[in-house]
Amino acid sequence: VGNGTVTLGADITLPGDFTRVDNTFNYTFDGNHKTITIDGGKHALFFTLGYNSVIKNLTTAGSIVGGSSADGVTVFANGLYGTIQDCTNDADITVSKAMNIAAAPFAKAMNHGVISNCVNNGDITVTCDATAANYNAYVGGIVARVNPSGVDGSLTAPAIHIVNCTNNGAVSNDGGQCVAGIVGWPGQEKPITDIMTKNCPNKGNITIRNEIAM
């Protein structure tokens, strides 16, 4: 309530059709070193994490399963403007017949903010629908795309920092455009003060077919 903190009191399991937070979340969610297991989920826990949001001390497990869609396939958030810190993802992401998909554990699009001290152990497997006219896919072990913008759609954002994060999961993109251990697509040229990726090793296998690995 207000500018308060939501604290997870116990390990919980969510069904695949759970209701996510669809409005912009601008509070602190403290995972309290507990685990949220998602049983074949279709979308992220949060739609948009706003400028004042902090997600911390949370482990996610289970699986996210996506199909033919232009939406993002991710565990934590579609859009990130705030902070994710000290979190671990153990959930696997699998997408089949993908068309114009962005897939990654922590954010579909990182528009602003910080991801720090986070680890991905889940495998990410995307198979594109080669019969479709547009079947691009952007796949990353931490973030799918860096897309600097304001929450109002303006092309301004002070900083995007990904620091002390590790990807251990296998990342595979069959037929898509870009795949990487940390950020699948580094973004387009936009007015931005600072983009920084620091101390972020990739230890997972990377596989890409039909396009160029980044």
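Report on the accompanying structure.

Okay, the overall build of the protein chain next. Counting its regular elements, the protein chain contains zero helices and 25 strands. Expressed as a percentage of the 214 residues in the protein chain, the buried residues total 50%. Counting only contacts in the protein chain whose residues sit at least 6 apart along the sequence, the fraction spanning at least 24 positions is 81%. Approximately 9200 Å² of the protein chain is accessible, and the part contributed by carbon and sulfur atoms is 48%.

Another aspect to go through is the nonpolar core. Among the nonpolar cores identified, the biggest contains 47 residues, and Ile55, Leu58, Ile84, Ile115 and Ile162 are the most heavily contacted of them. Discounting residues that sit within four places of it in the chain, Leu58 has contacts with Leu8, Phe29, Gly31, Lys34, Ile36, Leu45, Phe76, Asp86, Cys87 and Thr88.

The next thing to look at is the pattern of salt bridges. Scanning the model with the defined rule gives one salt bridge in all. When the shortest N-O distance is used, the salt bridge between Arg20 and Asp22 registers 2.6 Å. Assessed through its relative accessible area of 16%, Arg20 is described here as buried. In this structure Asp22 comes out as partly exposed when scored by relative accessible area, which is 49%.

Conventions adopted
- Residues numbered from 1 in each chain as written.
- Predicted model: local features only at pLDDT ≥ 70, side-chain atom pairs only at ≥ 80, totals over all residues.
- Heavy atoms only, no water.
- Helix = DSSP H or I, 4+ residues; strand = E, 2+ residues; numbered from the N terminus.
- Buried < 20%, exposed > 50% of the residue type's maximum accessible area, 1.4 Å probe, protein only.
- Contact = heavy atoms within 4.5 Å.
- Areas by Shrake-Rupley, 256 points an atom, 1.4 Å probe, with all protein chains shown as cover.
- Core = buried A, V, L, I, M, F, W, Y, C linked by side-chain atoms within 4.5 Å.
- Salt bridge = Lys/Arg side-chain N within 4 Å of Asp/Glu carboxyl O.

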